Structures are given as structure tokens and as C-alpha cells.
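# Observations on the three-dimensional arrangement
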Amino acid sequence: MSNQDATVNDISMAQVAESASFANAPVAMSLRNVSVAFNGRTAVRDVSFDVPQNAVTALIGPSGSGKTTLLRALNRLHDLTKGAVVTGDVKLGDIDVYGGTIPTTVLRSRIGMVFQRPNPFPTMSLYDNVVSGLRFNGVKKKSILDDACEQALTAAAIWDEVKDRLKAHGSTLSGGQQQRLCIARALAVEPEVLLMDEPTSALDPISTASIEELIGQIKNRVTIVIVTHNMQQAARVSDQTAFLLMAEDRAGVQIEVGPTSKIFNDPDDSRTLDYIRGRFG
Amino acid sequence: MTTLHIDNSHHIREHLRERASATIKRRQFVSRLMIALCWVAIGLAALPLGDVIINLFSHGWSSVSSWAFYSQLPAQPTLVTPDAVGGVSNAIAGSAVILGYALLGALPIGIGIGVYTAESDSRFAATLRLVVATMVGAPSILMGLFAFGLVVVQLGMGFCIMAGSFAIGTMMLPVLAASTEIAVRNVPATLREAGLALGAKKSTTSLRIVLPAAITGIVSGAILAISRAIGETAPVLLVIGGSQAFTWKAGDFGEALPFMIYQDASSSYPAQRAQAWGIALFIVIVVFFLSLTARIWANSKQKERR
């Protein structure tokens, strides 16, 4: 037990040091009393916090605490699921995400997403994968697409590896490269917010490290909300952390939200401390 | 609880080992027996199939291997020239044309229905799914009667190639729809979500991501439908009228390979009956190569993606 404490503390001391810098940042997204229910069963209840701009917000918590469910509520991906109901207020800047004033397609191009497993489109080349979002939204001009492709791949730190084989299929890449390709694909449409759903859970440690490094680089151009099972990862990459837990009725509830350094060093709630210290989960 | 002497435990170990080796021997015996039974079962299943193929080749090869079979129109043998049966060029062309028109209609509609039923969870889609499932199992003569009633009689087109295409098309439609639905459903949900998360419309996602990803399954389904349709006799028998002339025109009386088998097989001239065997063999060979190319194509497509 004491060993574990030492590890967690080492991480939190070393890597969380500069994470309070977002304190005065504008709010990219705000959540107020957000609940998600499937066929009448509440999966996430009453989540409220702000997502600071150009910072990384991590959603942590044990399995079943509703992290992914909450994340998918932010870009209306639950719209596809029959019986899913999202209540409360989700705002992107001033725009009410569920207000009907913004078409879902436009919304989703402003709030991008990266998934658990790399999912490049199997029938498309690397190039076509990266520019697919632009093409779906009607961009046809080759010069624009070419520029966007190079930019996005450069931002995703994979340009040098693939620039000579843009016509190859996505499946020719390693898992880590595929995930960076998917990040490039999401960045190509220039979203304001990027949702990442456990983006490294299917990757090896080296690829994971490269994705984490990448997250640090791209937060200058995009606000990131990342779901992770891995507390060390949350400590390493995020500025703000939201800790969720499964309540008695199996709905995910928010226990504590704050600067990552505070959550990892001096949380207000004893349950947060227990989770951070590895007592459950 | 129980304390075992060293002697005793040694004894138990020995006993367990004997038991184990006996068990292994028994298992090996049962395993070999079962494998032998599998081979017997395979043999029993393959026997009639082999018999059919041997018969097809021994009776039909002489027709299939002659150029006249493909190039000439059928001739009526007489008592003086009992072997002058001609070829079946009209039936080959007829079958190809019937199939071509049928595919022209059935491919887009069938694939469309399949994609729709796979991607929508509306009540209408559920109803459509049920209709498709029912139609897959419907006897083909029904499609023939349908084509007869609608095209031949009501539309007043009379017996013609178009009516045959209509019958074959309605027969292929549910097969295409069902196989497309399965292929589309097998596309991982994460691809769909990735498309939507990029701001694509649902229809764009279906057409530009899901459909291409499902294409091998759809083509396999199409080949299966063609293979079934090419040998289908009942529906064309009712509506194409039969013709000794070579024609590509949709409004003409037409001839089809299975129809020709039916006519030849009831002939009193041995040469015509041999021609029937030849046509049957020809159909089997065509279907075989269709399936083979579909397989090879699907495999190469799979490899390309890996």
C-alpha cells in the first residue's frame, strides 16, 4: 500500500505541477445538470462543470461510472441510440448543443472525436481518410484538401512517416500510427473541441506515450476532453480532472471536479482520494 | 484433517498416473473413431454430388466441347439427319439478356432496400425486412405468375424477354436485399460513428463509408443471386415464349438455357437429349467460375485492407 502511495505521489508531484494555468481561460464548453438515460434508466446524473479552452479536461472514474456516456453526450452521438435521452444544458461557447439552433452535422464538425480503437476508414487511402471530414462537408477543391491534409498530419505528428505513401491504405499503419491518423482526420475539419474516448486503451506503451505527447502539443489549437481509465495518464496529460463514480442506483455521478493537481494531491472528497490511491476501481 | 504417510501419497500418485494414461488412451480412441465417422459422413454427402458431376461430364462434354454449341442456332433433327441438333447460341444470348435486364433493375433496388433495412430502425424498415425474408423463401413459380399477370397480360407486352427479366429480377431482389443487409450490418459501428463524428450526414455515412466497407459482402450476395437465377426454370418458362431465333431485344420472344434443357430433355432424338446434358454442364461450369471469381476477388479485397 505504501508503495502505491509513493508512486501516485511521485506522478502527481512531478507531472501535475503546471496544470493550474487554465484558471483564467475562457470556457469552451459548459455542462449544467447533464443527465443521460437509456430507456428510462439513468446512466449519468446531474453533471455540471466547465471545460476550459485550450486545456485538457480528463474524465476519470471506475468502469460503469458513465465517463464515455457523458463524453458522447457532448457531440450528440447518443442521438443514434434508440431510447437515449439527454437532459440538462450542454453549451459550446454560447450555443446550446441540444437547443436545435445548430444542425447536428455542423455541431459534430466543431466538436471532433477520437475513439477507443483506431478506426480509419478501411476502403480509403491515408489521404482520403484525413480529408474525408472536409469532403463530407462539401469541400472539393484539391488545393484546400492538400493543404488541410498536410497540416492535419503534421499536427498529429505523423506527416514525416506517411508523406511518401499517402495513397496507401490506413491498415498498413501500426496501431499507434492509425490512432494518430484518426486524430489527424478529426483535426482536419478544424474543430474547437476534441473528444477523446480512451484513445490509448488499445495501444502499446510506446504508442501511448507518443499520443500523450501529441495531446500536449495540440491543446494549443483545440480544447480536449479525454476519458481515461488510467489515472497516471490523467495526471500526465490533463489540466482539469473530473472524477465520476457509480451511485447506488448504478447511475454515474460527478464526485469532484478541479485542477488536476488538486484532484491528485489534495482532493476534497475522501472517495476521490481512495480512487486515486487505488483502493477501488 | 487427513495426514498421509509418504508411502501412501506415493501410492496415490502412482494410481493417478495409471488412471491418466488409461483416460488418454480412451480419449485417443474416441477421437479417432469420430474423425473416421466424419470422413464417412463426408463421403456419403459427396457421393451423389460426384455422381451428378460425373454424369454431367460423360453425357454433356461432347456438346460443350464443340464450337457449334456456342455459335449455331438450334436445328430440328430429322430421321435422315438425327444428329443435326445445331447449337444453343440463342439460349445463351437469351439467358444473358434476361439476366442483364434483371440485374439492371434488381441490383440498385435490392441493394437500396438492404442498406435501408440495415441502417434504419423505423417501423417501415421492420416491415420491409419481414417482406424480404418472406420473399426469399417464396417458390420461384410465384414470380413467374406475377410476371405473367403483370407484364404479359396487364401491360399487354405478351410473351417476351422483358417479362422473363421481370420474373428473374423479382426473384433476385430479396436475395440481394437480404445479403446486402447482412453485409451492411457487419460493418463495425465505430466506422459509422467516426463518419458522424466528422459532421457527415447519416445518408453520407451510409453511402460513402458503410456501403464501400460492405462491398465484398454485397458482391458475394449478388453472385449468389445470379448463380441461382441463371438456372431458374419455372419463372422464365411461363413468360418468355421460346424462340429459335437469336435476339437481344427486350420485346421479342426469348429463349433461355434452362428452358432449352426442358425442351431438349423431352425429345425423342438422343442427340437432343445429349444437348440438354450439355446445357446443364454449361450452366454448372458458368456458376462454378462465377463463384470462383467472387471468392478470389473477395479474398484479394480482404488482403488489401489488412
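If you're wondering where the values come from, they're calculated on a predicted model, not measured in any experiment.

What counts and how
Residues numbered from 1 in each chain as written. Chains lettered and ligands numbered in written order. Predicted model: local features only at pLDDT ≥ 70, side-chain atom pairs only at ≥ 80, totals over all residues. Heavy atoms only, no water. Salt bridge = Lys/Arg side-chain N within 4 Å of Asp/Glu carboxyl O. Buried < 20%, exposed > 50% of the residue type's maximum accessible area, 1.4 Å probe, protein only. Helix = DSSP H or I, 4+ residues; strand = E, 2+ residues; numbered from the N terminus. Contact = heavy atoms within 4.5 Å. Buried area = accessible area lost by both parts, 1.4 Å probe. Polar contact = N/O pair within 3.5 Å; in protein donor to acceptor, adjacent residues only side chain to side chain. Pairing = 2+ DSSP bridges. Axes fitted to C-alpha atoms, helices over the stretch in contact; angles between N-to-C directions.

## Focus: the pattern of salt bridges
Taken as a whole and judged by the stated rule, the model has 17 salt bridges over all chains. Here A:Arg76 makes a salt bridge to A:Asp79, at a shortest N to O gap of 2.9 Å. For A:Arg76, a relative accessible area of 15% translates into the label buried. Each of B:Arg129, B:Glu181 and B:Arg185 takes part in salt bridges that share partners, so that together they form one network.

## Some words on the environment of B:Ser268
Residues and elements named next belong to chain B. On the secondary structure map, serine 268 appears in the loop between helix H11 (257-265) and helix H12 (270-305). Relative accessible area serves as the criterion here: at 62%, serine 268 is assigned to the exposed category. With 191 residues separating them along the chain, serine 268 and proline 77 place their C-alpha atoms 10.0 Å apart.

## Some remarks on the interface of chain B and chain A
Each partner contributes to the interface: chain B provides 20 residues, whereas chain A provides 28 residues. Buried area between chain B and chain A, both sides added, is near 2000 Å², and the carbon and sulfur share of it is 65%. Taken together, the links from chain B to chain A amount to one salt bridge. Here A:Arg72 makes a salt bridge to B:Glu193, at a shortest N to O gap of 2.5 Å. Taken together, chain B and chain A are joined by four residue pairs in polar contact (both at pLDDT 80 or more). Counting residues per element, the ones that place at least two in the side of chain B that touches chain A are helix H7 (189-197), helix H8 (202-213) and H12 of chain B.

## Regarding the sheet that holds strand E4 (residues 84-92) of chain A
Residues and elements named next belong to chain A. Overall, mixed pairing links the 10 strands, which are arranged E5-E4-E1-E2-E10-E9-E3-E8-E7-E6 in an open sheet. Of all the strands in the sheet, just strand E5 (95-96) and strand E6 (111-114) have a single pairing partner and so form its edges. Bridge analysis of strand E3 (residues 56-60) against strand E8 (residues 223-227) gives four bridges, and the strand direction is parallel. Note on E8: the bridge partner recorded for valine 56 is isoleucine 224. Running over the sheet, helix H8 (residues 205-218) touches E3, strand E7 (193-197) and E8 and is turned about 150 degrees from E8.

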